[in-house]
Amino acid sequence: MTASATLNETLAVALARSFADQEVGFTGLLTGAVAAVFGTGIPLAAMELAKRMHAPNLTILLAGCYHNPDFSEIDRLPDSEHSAMLRDLPCESQMVDYPGQFVLKRGDVSFGFSSAVQVDRVGNINSVCIGPHGQPRVRLVGPILQPEHMTLFRREYVMMPHHDRRNFVDKVDYVSGVGYPGGLEGRKRLGLDWGGPCMVVTPKCLFDFDREVGRMKVRSIHRGVSRQELTNATGFDLGDLSSIPETEAPTAEELQILRREVDPRGVLMPAP
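Thresholds, definitions, all that
- Residues numbered from 1 in each chain as written.
- Predicted model: local features only at pLDDT ≥ 70, side-chain atom pairs only at ≥ 80, totals over all residues.
- Heavy atoms only, no water.
- Helix = DSSP H or I, 4+ residues; strand = E, 2+ residues; numbered from the N terminus.
- Rg over C-alpha atoms; globule rule 2.2 N^0.38 Å.
- Buried < 20%, exposed > 50% of the residue type's maximum accessible area, 1.4 Å probe, protein only.
- Salt bridge = Lys/Arg side-chain N within 4 Å of Asp/Glu carboxyl O.
- Axes fitted to C-alpha atoms, helices over the stretch in contact; angles between N-to-C directions.
- Parallel < 35°, antiparallel > 145°, perpendicular 65-115°, else oblique.
- Left-handed = near helix turned anticlockwise from the far one by under 90°.
- Contact = heavy atoms within 4.5 Å.
- Lys, Arg positive; Asp, Glu negative; His and termini not counted.
- Polar contact = N/O pair within 3.5 Å; in protein donor to acceptor, adjacent residues only side chain to side chain.
- Pairing = 2+ DSSP bridges.
- Phe/Tyr/Trp six-rings, centres within 6.5 Å; stacked < 30°, edge-to-face > 60°.
- Lys NZ or Arg CZ within 6 Å of the ring centre and 35° of its normal.

**Structural notes on the overall build of the chain**
The helix and strand inventory of the chain stands at six helices and 14 strands. A compact globule built from 272 residues would reach a C-alpha radius of gyration of about 19 Å, and the chain, at 18 Å, matches this within 12%. Projecting the C-alpha coordinates of the chain onto the three principal axes gives extents of approximately 45 × 45 × 35 Å. Within the chain, the proportion of its 272 residues that are buried is 54%.

**Describing the pattern of salt bridges**
One pass over the full model with this rule turns up eleven salt bridges. The shortest N-O distance in the salt bridge between Arg259 and Glu9 comes to 2.8 Å. Residue Arg259 is located in helix H6 (residues 252–262), and its partner Glu9 is located in helix H1 (residues 7–16); the two are separated by 250 residues in the primary sequence. Among the ionic pairs, Arg52 bridges to Glu261, the shortest N-O distance being 2.9 Å. In this pair, Arg52 is assigned in helix H2 (residues 33–53) and Glu261 in helix H6, connecting sequence segments 209 residues apart. On the accessibility criterion, Glu261 (37% relative accessible area) is partly exposed. Several salt bridges share partner residues, and in doing so they unite Arg17, Glu248 and Glu254 into one network.

**Structural notes on the packing of H2 against H6**
Two elements in contact, H2 and H6, have axes separated by 10 Å at closest approach and are oriented at 110 degrees. Classified by the angle their axes make, H2 and H6 are roughly perpendicular. Seen from above, H2 lies across H6 with right-handed handedness. Between H2, through Ala45, Glu48, Leu49, Arg52 and Met53, and H6, the contact on the second element is made entirely by Glu253, Glu254, Ile257, Leu258, Glu261 and Val262.

**A word on the side chain of Lys51**
Here Lys51 is to be found in helix H2. Despite its burial, Lys51 remains without a salt bridge, the nearest opposite charge being carried by Glu92 at 4.8 Å. Of the polar contacts made by the side chain of Lys51, one reaches the backbone oxygen of Pro56; its length is 3.3 Å. From its side chain, Lys51 meets the backbone oxygen of Leu58 in a polar contact 2.8 Å long. Other than its neighbours up to four places away in sequence, Lys51 contacts Pro56, Leu58, Ile60 and Asn68.

**Remarks on the sheet that holds strand E12 (residues 197–201)**
Pairing is mixed across the open sheet formed by nine strands, whose spatial order is E4-E3-E2-E1-E5-E10-E12-E13-E14. Each edge of the open sheet is held by one strand with a lone partner, namely strand E4 (93–94) and strand E14 (215–221). The strands touched by H1 within the sheet are strand E5 (111–114), strand E10 (155–159), E12 and strand E13 (205–210), with E12 carrying the most contacts at an inclination of about 170 degrees. In the packing of H2 onto the sheet, the strands contacted are strand E1 (24–27), strand E2 (59–62), E5, E10 and E12, and the crossing angle to E1 comes to about 160 degrees.

**Some details on the sheet that holds strand E7 (residues 125–126)**
The strand order E7-E6-E11 describes an open sheet built from three strands, whose pairing is mixed. The strands lining the two open edges of the sheet, one partner per strand, are E7 and strand E11 (168–169). Across two bridges, strand E6 (residues 118–120) lies against E11 in parallel orientation. Note on E11: the bridge partner recorded for Asp120 is Val169.

**Regarding the packing of aromatic side chains**
For the structure on display, the rule yields nine aromatic pairs. Arranged with centres 5.6 Å apart and planes meeting at 85 degrees, the rings of Phe19 and Tyr157 form a pair that is edge-to-face. Of this pair, Phe19 sits in the loop between H1 and E1 while Tyr157 sits in strand E10, and the two are 138 residues apart along the sequence. Like Tyr157, Phe19 is buried. Centre to centre, the rings of Phe113 and Tyr157 are 5.4 Å apart; their planes meet at 25 degrees, and the pair counts as stacked. One end of the pair, Phe113, is in strand E5; the other, Tyr157, is in strand E10, and 44 residues separate them in sequence. Across the pair, exposure class does not vary: Phe113 and Tyr157 are buried alike. Of note, Arg154 hangs over the ring of Trp194, and the distance from its end group to the ring centre comes to 4.0 Å.

Dropping the structure here:
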């Protein structure tokens, strides 16, 4: 009998189902235990699951330089994109530079993954500062390629390891990655013909977007999370949640492939 899916496995499966064959997906290496799982581990597991289930020609770009890496034989994630252990990481190919043959301005990267400290109702993200930029209360890590992710990649998945009112705000303190201010027309006025966030993944729910009007909306709520709990943890109005479904559980086949083939040592998604 297959054990029930963990939250991380459920999120990996939800992501994997949204990828298509022939696409190119990019993720970097985040630091910090929870951020690393959400921003690196779950995306890598999701992409590898998609390759094994329905998208055999999907290309995984780890930090841009490592193509279709294999984590099944290592016992931990590298702690940075310049870690020495990446030299011996099994993969189809390695590049000495990035983006190499993938031209970002041509839209060669189909989708990427970002993480942030704040995200707002229109999908703007912030990892630069809390408070005014000139006199911030907290100085954060910085934009870390978020402007490119949110404008040059064809779509973006925002991976939020925490879901509290301080993370989900009405308006971010600083825009390090642009969402849909003014909807699709607003992006066009900024000279952006494609891209932007398609999903925001949190420990409580999945968000997607009404891109025409530029509005984040709840797509599904995770098992065990009440509608009131989700409302209380979000700093902007979520509207009527009465008809929002529970996040779909993985199938037995998806779980077996994740556990036996994709991440047999629990490197990408450690057991809670």
